[in-house]
Amino acid sequence: MEVGPGHFLLAKLDDVARWAQSSSVWPLTMGLACCAIEMMTVTAPEYDIARLGSEVFRSSPRQADLMIVSGRVAQKMAPVVKRLHDQMADPKWVISMGACASSGGVFDNYAVVQGVDTIVPVDVYVPGCPPTPDGLLYAVNLIQQQIREGGRGGVLARG
Amino acid sequence: MSTTERPTTPPEPMTPEIVSREGNSMVLSMGPQHPSTHGVLQIMLEIEGETVVKAEPEIGYLHTGIEKSAENLFWTQAQTVIERMDYLAPESNALCYALATERLLGIEGKIPERAQTIRVLFSELTRMASHCVWLGTHGIDIGAITVFFYCFDLRENLLDLQEAAGGARMHPNYMRIGGVNGDLPQGFLDRFDALLEKFPGRMRDLRGLLQANPIFQDRTIDVGTLTPEEAVRWNVTGPALRASGIAYDVRRAFPYCGFETYEFDVPTRTEGDAYARFLVRLDEMEESYKILKQVRKRLDTPGAVMIDDPKIAAPPKETIALSMEALIHHFKIVSEGFRVPPGDAYASVESPRGELGYYIVSDGGNRPYRIRTRPPSLYNLQVLKHIAPGNLIADLVVMIGSLDPVFGEVDR
């Protein structure tokens, strides 16, 4: 599309805001286990999550929009994950990355929380053990799609 | 909130005493969610100004119950969860577990030559890949982000090889009790050659980025110094021990998989600081490259990759459709596993982090009775308590990075 001098575009403010918001989803730096390594890999040259505007991993939950639960959540870690999610400002999204975060995975035992959706509302589940970086990129795409459609995060949990 | 039927675990409130003051000092919790703790480590710090007076590592935030889970799985299945302990070097874990089980089965000397070579190949590839992650994240901790991109680019090539052979990028589960799971796929050797060709140049890049960098040297030289006596007393192994001047390498001291037939050096330094550990790891990657070149020569010889013992190995896939006996045999091995004679065995390998050991006990069943791991990270991490006091908080980050703990392994 070409917009010459003197021309202008009309759009709803909501749409523009959502477009901008969806192009700058900042994840929280929270690595848990194996999946965290693949989460780091998406920032590496071959996958380059910067193309989606999500390369800025924020260390403070106050500045993050997206929590990627990357790996098994141990019983001891669960309160910390919950607290970090509480500290994030609305609207916020959660990706449950990998089999362990989604359902406990191969660790059906006393130590692992059987699905992080029992403590925080999850928007997108990524299958795999660990998922490939492409899988995580697609999950971020789905989050962007939800944002463009006016989602506010935690839809699955509320519905 | 979620309406799932799963048993929920109500989150307990965290301890309110995260920050408190006592006299002139202050107690500060670093972690468990912290960008430079390399996983979910919490360190309770007592600080005066910016100087650390006391550091207490608090572990267990990734306790997965892997040892317990493994007791409910067949001997072969247990390997799946065991690979997820040290997720940066899954092949080292799988190999060590396989070696211990083979010792118990009494088939140590019967592993085919080619299988041994492939095992060496993957244990060295995984060492390189692990050191790539370590170097990339260590660089980020110190503020040198470029090195991360170079490291992960190289790591992609290494993972591609794992994926080609085992089918998965990170946990290929390619090592098996009695050998490896199938021969190397077509086209593998060409990709391996390409990697061997690329590696020296990439190594020069990595060294060029950091080794003579004055900022990097300022941050790492004389930080976290560990004397040889202390290192031994704290049971430190791996690059951290060798950086303190002790040339202990399991590949040399207790060779396995035919490491005694390969030519390689055990790089050591005498300084014992974070910079020495950095240099030792870089040298190790080059030694791995030397080993891989020797492996490449041996891979030209074809041969069996799995032990010829119907008690342990399933029949080849091709025979299953043709022979009823092979089908029954395959079904038995898959559905029941095999039995291991009662007793216990210990085996250790040199993982990228140090001496990794598995002590396994069998009661004669088709599942392990008990598996106990000797994770190098746990022993290496405990030394933090000793080297941290008197240093700045910022240097603590360097120390953690230079010890290279992996929390899957520390907490298990």
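Residues numbered from 1 in each chain as written. Chains lettered and ligands numbered in written order. Predicted model: local features only at pLDDT ≥ 70, side-chain atom pairs only at ≥ 80, totals over all residues. Heavy atoms only, no water.

Caption draft 1: Just the side chain of T64 of chain B, in detail. Inspection of the secondary structure puts T64 of chain B in the loop between strand 4 (51–58) and helix 1 (66–70). Polar side-chain contacts of T64 of chain B include one of 2.9 Å to the side chain of R72 of chain A. Not counting the four nearest positions on each side in its chain, T64 of chain B is found in contact with R72, F107, N109, A111 and V112 of chain A together with R412 of chain B. (Helix = DSSP H or I, 4+ residues; strand = E, 2+ residues; numbered from the N terminus. Polar contact = N/O pair within 3.5 Å; in protein donor to acceptor, adjacent residues only side chain to side chain. Contact = heavy atoms within 4.5 Å.)

Caption draft 2: Quick look at the sheet that holds strand 2 (residues 93–97) of chain A. Residue and element names in this part refer to chain A. The three strands lie next to each other as 1-2-3, forming an open sheet whose pairing is parallel. Since the sheet does not close on itself, it has two edges, and those belong to strand 1 (66–70) and strand 3 (124–126), each with one partner. Neighbour to neighbour, the strand axes of the sheet diverge by 20° on average, direction disregarded. Of the strand pairs in this sheet, strand 1 and strand 2 are connected by five bridges, and their pairing is parallel. In the sheet register, S70 faces strand 2, and the bridge partner there is M97. (Pairing = 2+ DSSP bridges. Axes fitted to C-alpha atoms, helices over the stretch in contact; angles between N-to-C directions.)

Caption draft 3: Spotlight on the sheet that holds strand 9 (residues 370–374) of chain B. Residues and elements named next belong to chain B. If you walk across this open sheet you meet the three strands as 7-8-9, and the pairing is antiparallel. Of all strands in the sheet, those with a lone pairing partner are strand 7 (343–351) and strand 9, marking the two edges. Neighbour to neighbour, the strand axes of the sheet diverge by 15° on average, direction disregarded. When strand 8 (residues 354–362) meets strand 9, the two strands line up antiparallel, connected through five bridges. The residue of strand 9 that forms the bridge with G357 is R374.

Caption draft 4: Structural context of the side chain of T137 of chain B. With respect to the element layout, T137 of chain B can be found in helix 4 (residues 113–142). Contacts of T137 of chain B, omitting those with residues within four sequence positions, involve M40 of chain A together with H38 of chain B.

Caption draft 5: Looking closely at the interface of chain B and chain A. With 41 residues of chain B in contact, the opposing surface of chain A contributes 46 residues. Carbon and sulfur atoms make up 64% of the area that chain B and chain A hide from each other, which totals about 3900 Å². At the junction of chain B with chain A, the criterion picks out two salt bridges. Mapped onto the side of chain B that touches chain A, the elements with two or more residues apiece are helix 1, helix 4 and helix 5 (146–166) of chain B. Ranked by residue count, the leading element in the side of chain B that touches chain A is helix 5 of chain B, at six residues. (Buried area = accessible area lost by both parts, 1.4 Å probe. Salt bridge = Lys/Arg side-chain N within 4 Å of Asp/Glu carboxyl O.)

Caption draft 6: Structural detail: the packing of helix 6 (residues 188–210) of chain B against helix 11 (residues 274–298) of chain B. Residue and element names in this part refer to chain B. Running from N to C, helix 6 and helix 11 point in directions that differ by 160°, and their axes come no closer than 11 Å. Classed by the angle they form, the pair helix 6 and helix 11 counts as roughly antiparallel. Crossing of helix 6 over helix 11 shows left-handed handedness. In this structure, helix 6 uses L189, F192, D193, L196, F199, P200, M203, L206, R207 and L210 to contact helix 11, whose residues at the interface are F278, L282, D283, M285, E286, Y289, L292, K293 and R296. Across the contact of helix 6 with helix 11, the residue classes break down as 13 nonpolar, no polar and six charged. (Parallel < 35°, antiparallel > 145°, perpendicular 65-115°, else oblique. Left-handed = near helix turned anticlockwise from the far one by under 90°. Nonpolar A, V, L, I, M, F, W, Y, C, P; charged D, E, K, R; others polar.)

So yeah, pure geometry; function would need other evidence.
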